[in-house]
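Residue-level structural notes
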Amino acid sequence: MENPINFNDPAPVDKSSNLWKNLIYTFLGTTISILLTFGSGTLIQMHHQAQSRRMTAMMVISHIESCAQKLEDLSSEMKRRDTIATYMLSIPMDSLDNPENLPIISAMRHPDMISLDKTIETAFSSTIETWKDMDNFGFINSVGRCFSLIKVVEDNYNNYIESYFQPIREVNQHPENYSGNSLYSKYLHNEEYRKILQNIHDRSDYYMYFADKIRVCNSINMKLMNISDKDLEKFLEESDVESIIPADSIKRLKDFITPALDPKSLPDIHSYFQFKQ
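For the structure given in this document, a descriptive report is provided here. Model, not experiment: these values are computed from the prediction.

**Some remarks on the overall build of the protein chain**
Looking only at helices and strands, one finds 10 helices and zero strands in the protein chain. Reading the protein chain from its N end, one meets helices and strands in the order α-α-α-α-α-α-α-α-α-α. Sequence-distant contacts, at least 24 apart, represent 78% of the contacts inside the protein chain between residues at least 6 apart. Entry remark: accessible area of the protein chain is about 19800 Å², with carbon and sulfur atoms responsible for 58%.

**Notes on the state of the cysteines**
Where two cysteines share a covalent bond between their sulfur atoms, that bond is called a disulfide. Tallied over the full model, the rule gives one disulfide. Covalently, Cys-146 is tied to Cys-217 through a disulfide, its sulfur atoms 2.3 Å apart. Taking the sign of the S-S torsion, about -115 degrees here, the bridge from Cys-146 to Cys-217 comes out left-handed. Here the residue Cys-146 occupies a position in helix H5 (residues 137-173), and Cys-217 occupies one in helix H8 (residues 200-224), the gap between them amounting to 71 residues. For the pair formed by Cys-146 and Cys-217, the shared burial category is buried. Free cysteine Cys-67: the closest other cysteine sulfur is in Cys-146, separated by 9.8 Å.

**As for the nonpolar core**
Ranked by internal contacts, the top residues of the largest apolar core, which has 51 residues, are Met-108, Tyr-160, Tyr-193 and Leu-197. Every element with two or more residues in this core is listed here: helix H1 (15-90), helix H3 (119-126), H5, helix H6 (183-188), helix H7 (191-198), H8 and helix H9 (229-238). Residue contributions to this core peak at 14 residues, all from H5. Among all residues touching Tyr-193, those that are not within four sequence positions of it are Met-88, Met-108, Tyr-164, Pro-167, Ile-168, Tyr-187 and Leu-188.

**Examining the environment of Phe-147**
Examined against the element boundaries, Phe-147 turns out to sit in helix H5. A residue is classified by how much of its surface remains accessible, and Phe-147, at 9% relative accessible area, is buried. Setting aside its immediate chain neighbours within four residues, Phe-147 contacts Val-60, His-63, Ile-64, Glu-121 and Phe-124.

Conventions used here
Residues numbered from 1 in each chain as written. Predicted model: local features only at pLDDT ≥ 70, side-chain atom pairs only at ≥ 80, totals over all residues. Heavy atoms only, no water. Helix = DSSP H or I, 4+ residues; strand = E, 2+ residues; numbered from the N terminus. Contact = heavy atoms within 4.5 Å. Areas by Shrake-Rupley, 256 points an atom, 1.4 Å probe, with all protein chains shown as cover. Disulfide = S-S within 2.5 Å. Buried < 20%, exposed > 50% of the residue type's maximum accessible area, 1.4 Å probe, protein only. Core = buried A, V, L, I, M, F, W, Y, C linked by side-chain atoms within 4.5 Å.

That is the geometry; function is a separate question.
Following this line, the structure appears as structure tokens:
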């Protein structure tokens, strides 16, 4: 007689089926874990690279803006020099040695050459491969044009300074070839020096024009890197190291000037040198 069916008995377990399911779940879990680990690592790395690129871009753009500001300052200084030069050139040649004209013709101070800081440009050039990998060719080319323009203006100004000193050196070496009782009046008897003074006005406008041209070039950099005027202004304020020290705490040369020695206050010279030995 057959045994009756027991509906409460569990169905037989297929152990091989469970094994494959466990293996598949383990494989999927491991794969997903690896993907998440490497994926998140890649995302973090890309985020850091983007931050690094933006910081480098801010440094480059702020440096270019600083160069434009220096050209503006240079233009303002040349306007002041132009005023003095206009006074000097208005004095009749036969009145240059009059005592009342000496303060005017001696007021002109010789200009200095400029040497703009190349640190940021060098740092940018050293990371150029990173920028190329990011396909930022437009930004690279635009920054390159800005740096080239700055170099042209810097060389132009320094060549002008060299030409400024040529007639001065000529007068200093051969003062007997020029009329005038003082070197200042002799300078003004040199035609090349007078032409240089006449040219100051045009050069003042010239450098203001180039300051604007550099800013236009830099505005392209800002658009390419999505940097606003406020972003740049904030970065310039935060990177202004000179503002760390209060201006009233900075000492000037006059703070270190001491009275000249009085010979009467010195000890006997023989005693002094014996002591020094």
